[in-house]
Amino acid sequence: MILSIESSCDDSAISITEIKTKKLLFHKKISQELEHSVYGGVVPELAARLHAEALPKILQECEPYFKDLKAVAVTSTPGLAVTLVEGVTMAKAISVALGIPLIGVNHLIGHIYSLFIEEETLFPLTVLLVSGGHTQVMEVKSLTDIETVAKSMDDSFGESFDKVAKMMGLGYPGGPVIEELAKDGDRKKFNFTIPLSQSPLIAFSYSGLKNAVRLAIEKSTKDDYKDIAASFEHIATAHLTQKLKKYFKTVKPKTFAIVGGASANLYLRSQIEELLKPYGAKLLLSELKYCSDNAAMIGRVAVEMYEKEMFSSLDELDIAPRSQL
Ligand code: KG4
Ligand code: ZN
């Protein structure tokens, strides 16, 4: 079995995965959303302190598995420096105490493998990752053959939901709140411009849209918020589908996946489904509980890395807050 730790942002999570069967034997996550909500975003130092409390509590519950552990895995990149270090320090301590190898997992690869919890992998895949930190399209052939073909030039898709929610005074995380508010709103009421629609670039940008929404909020009353939310969600999603359509002109999708916290968004899911129809492409999605950050996905990657003996020594494994795929 492998014990895996996730602490790259505001979720403290630990999983136990059986290597041979890829079965998830244990998974527990303690989210800090409530604590950060009053600030309208994640406060790194507060997050680090909460990880320092939560991780040892979860680890205690894993004690019955200690004797069967063959490795310990941990998210080491990318993420918040002060929170990554909490998980990595704990993983190193476990590695030394139990005399087992250490595996450093890339959080973004974790999101890709959230598609395959307790399942075999299915490659090649075109993947859209939409999270709080990233908006990118990747061609994934295997664990070690991942090519990023488009990414955001500024804010991410999820982050733009967080910022719009903050401007409306609706707390953090913004994604689920804005999605809920948008359900009763008019998607056509506010005519926001689709970002980069005249540009041939296959890239994403959300800062302009965010500012347009800010101006709309300033000129409106609270009664308009649901229409602003609906129009924003519509344009934020149209930006993704428009760029993907452009990309599909050269690379036809066969199997397409959406992963990351914002892949829970049902409007986004339905729009991508529509987009894929003419190509007859298959759409893969993670189970809702594995869309947002969790340690089950880290454990699933760790099993693959264990089989390939992709271990790190204590000295080698370090946090890398800003790595890219
Ligand atoms: O993957 P994740 O848990 O953390 C990162 O790796 O960043 O993603 C969190 C992000 C947040 O920005 C959150 O607002 C967004 O995902 N999110 C959503 C929805 N649920 C979560 N965005 C849009 N619609 C949602 N339903
Ligand atoms: Zn994530």
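Per chain, residue numbering runs from 1 following the sequence as it is written. Just so you know, chain letters begin at A and ligand numbers begin at 1, following the order they were written in. It should be noted that, the model being predicted, local features are given only for residues of pLDDT at least 70 and side-chain atom pairs only at 80 or more, the latter also being counted only at that level, while totals for whole chains, interfaces and linings use all residues. The basis for the side-chain values is all heavy atoms of the structure; hydrogens and waters are excluded.

Quick notes on the coordination of the zinc ion (ligand 2)
Listed donor atoms are N, O and S within 2.8 Å of the metal (Na, K and Ca: 3.2 Å). As water is not included, a site may look incomplete. Coordination of the zinc ion (ligand 2) by the protein comes from His107 (NE2), His111 (NE2) and Asp293 (OD), over a distance range of 2.0 to 2.1 Å. Think of it this way: with four donors and all angles in the 85 to 135 degree range, the site is tetrahedral; with four or six donors, opposite ones beyond 155 degrees and the rest between 65 and 115, it is square planar or octahedral; otherwise it is irregular. Around the zinc ion (ligand 2), the four donor atoms sit at angles spanning 95 to 136°, and that spread fits a shape best called irregular. Each donor residue of the zinc ion (ligand 2) belongs to the same chain, and together they define the spacing H-x3-H-x181-D. Here Asp293 lies in the loop between strand S10 (282–285) and helix H10 (296–307) and His111 lies in helix H4 (residues 107–113), a separation of 182 residues in the sequence. Just as His111 is buried, Asp293 falls in that class too. The helix count covers DSSP runs of H or I at least four residues long, the strand count covers runs of E at least two residues long, and both are numbered beginning at the N terminus. When accessible area is computed with a 1.4 Å probe and restricted to protein chains, residues below 20% of their type maximum are described as buried, those above 50% as exposed, and intermediate ones as partly exposed.

Considerations on the nonpolar core
Counting 38 residues, the largest nonpolar core has Leu128, Phe157, Phe192, Ile228 and Phe232 as its most contacted members. Taken together, the elements giving at least two residues each to this core come down to strand S6 (125–130), helix H5 (157–167), helix H6 (174–182), helix H7 (207–218), helix H8 (225–248), strand S9 (255–259) and helix H9 (266–276). Of the residues forming this core, the biggest block, 11 residues, is contributed by H8. Not counting residues up to four positions away in its chain, the partners in contact with Ile228 are Met168, Phe190, Phe192, Val213, Ala216, Ile217 and Ser220. What makes a nonpolar core is a set of buried Ala, Val, Leu, Ile, Met, Phe, Trp, Tyr and Cys residues whose side-chain atoms join them at distances within 4.5 Å. Note on definitions: a residue-residue contact is assigned when non-hydrogen atoms from the two residues lie within 4.5 Å.

Looking at the pattern of salt bridges
The salt bridge definition used is simple: a Lys or Arg side-chain nitrogen within 4 Å of an Asp or Glu carboxyl oxygen. Here the structure, examined in full by the defined rule, presents 14 salt bridges. Across the pair Lys189 and Asp227 runs a salt bridge, and its minimum N-O distance is 3.3 Å. Of this pair, Lys189 sits in the loop between H6 and H7 while Asp227 is found in helix H8, placing the two residues 38 residues apart along the sequence. Where salt bridges share partners, they join Asp155, Glu159, Lys163 and Lys210 into one cluster.

Considerations on empty space enclosed by the protein
Residues are called lining when one of their atoms sits within 4 Å of a cavity or pocket point, these points coming from a 1 Å grid over the protein atoms alone, where a cavity is a set in which a 1.4 Å probe fits but cannot get out and a pocket is an open set with protein on both sides within 12 Å along at least five of seven lines. Grid points are joined across faces, edges and corners, and a volume is the space filled by probe spheres set on the points. Under the criterion given, the structure shown has one cavity of 30 Å³ or more. Taken as a whole, the largest cavity holds about 30 Å³ of empty space. Surrounding the largest cavity, Thr17, Lys22, Leu24, Ile117, Glu118, Ala296, Gly299 and Arg300 form its lining. When residues in the lining of the largest cavity are grouped by element, the largest group, three residues, is from H10.

Overview of the sheet that holds strand S4 (residues 71–77)
Being paired, for any two strands, means DSSP has found at least two bridges between them. With mixed pairing, five strands are arranged side by side in an open sheet as S3-S2-S1-S4-S5. With partners counted over all chains shown, the strands left at the sheet margins are strand S3 (24–31) and strand S5 (102–106), one partner each. Averaged over all pairs of adjacent strands, the angle between their axes in this sheet comes to 20°, without regard to strand direction. In this analysis an axis means a line fitted to C-alpha atoms, helices contributing only their contacting stretch, and an angle means the value between N-to-C directions, from 0 to 180 degrees. Against the sheet, helix H3 (residues 81–98) contacts strand S1 (2–6), strand S2 (11–17), S4 and S5, and its axis sits at roughly 160° relative to S4.

Section: the domain arrangement of the protein chain
Accessible area lost when the parts come together is the quantity often used to give the size of an interface. By convention here, the domain bounds are inherited from an automatic or database domain assignment. Each assigned domain of the protein chain is listed here: domain 1 (2–117 + 293–307) and domain 2 (125–285). Its C-alpha centre places domain 1 at a distance of 27 Å from the equivalent point of domain 2. The interface is formed by 20 residues belonging to domain 1 together with 21 residues belonging to domain 2. Summed over both partners, the accessible surface that disappears when two parts come together, traced with a 1.4 Å probe, is what is meant by buried area. Summing both partners gives a buried area of about 1,500 Å² for domain 1 against domain 2, and 77% of it is carried by carbon and sulfur. Interface area lost by domain 1 to domain 2 is led by Leu108, Ile112 and Leu115, which between them contribute 37%. Run the count over domain 1 and domain 2 and you get zero salt bridges. Identification of polar contacts relies on pairs of N or O atoms within 3.5 Å, with a donor-acceptor requirement for protein atoms, meaning one able to donate a hydrogen and the other able to accept it, and with residues adjacent in sequence counted only if both atoms are side-chain atoms. At the boundary of domain 1 with domain 2, the tally comes to two residue pairs in polar contact (both at pLDDT 80 or more). The element that contributes the greatest number of residues to the side of domain 1 that touches domain 2 is H4, accounting for five residues. For the side of domain 1 that touches domain 2, the class distribution of residues is 11 nonpolar, six polar and three charged. Gly counts as polar in this scheme, as do all residues outside two lists: the nonpolar Ala, Val, Leu, Ile, Met, Phe, Trp, Tyr, Cys and Pro, and the charged Asp, Glu, Lys and Arg.

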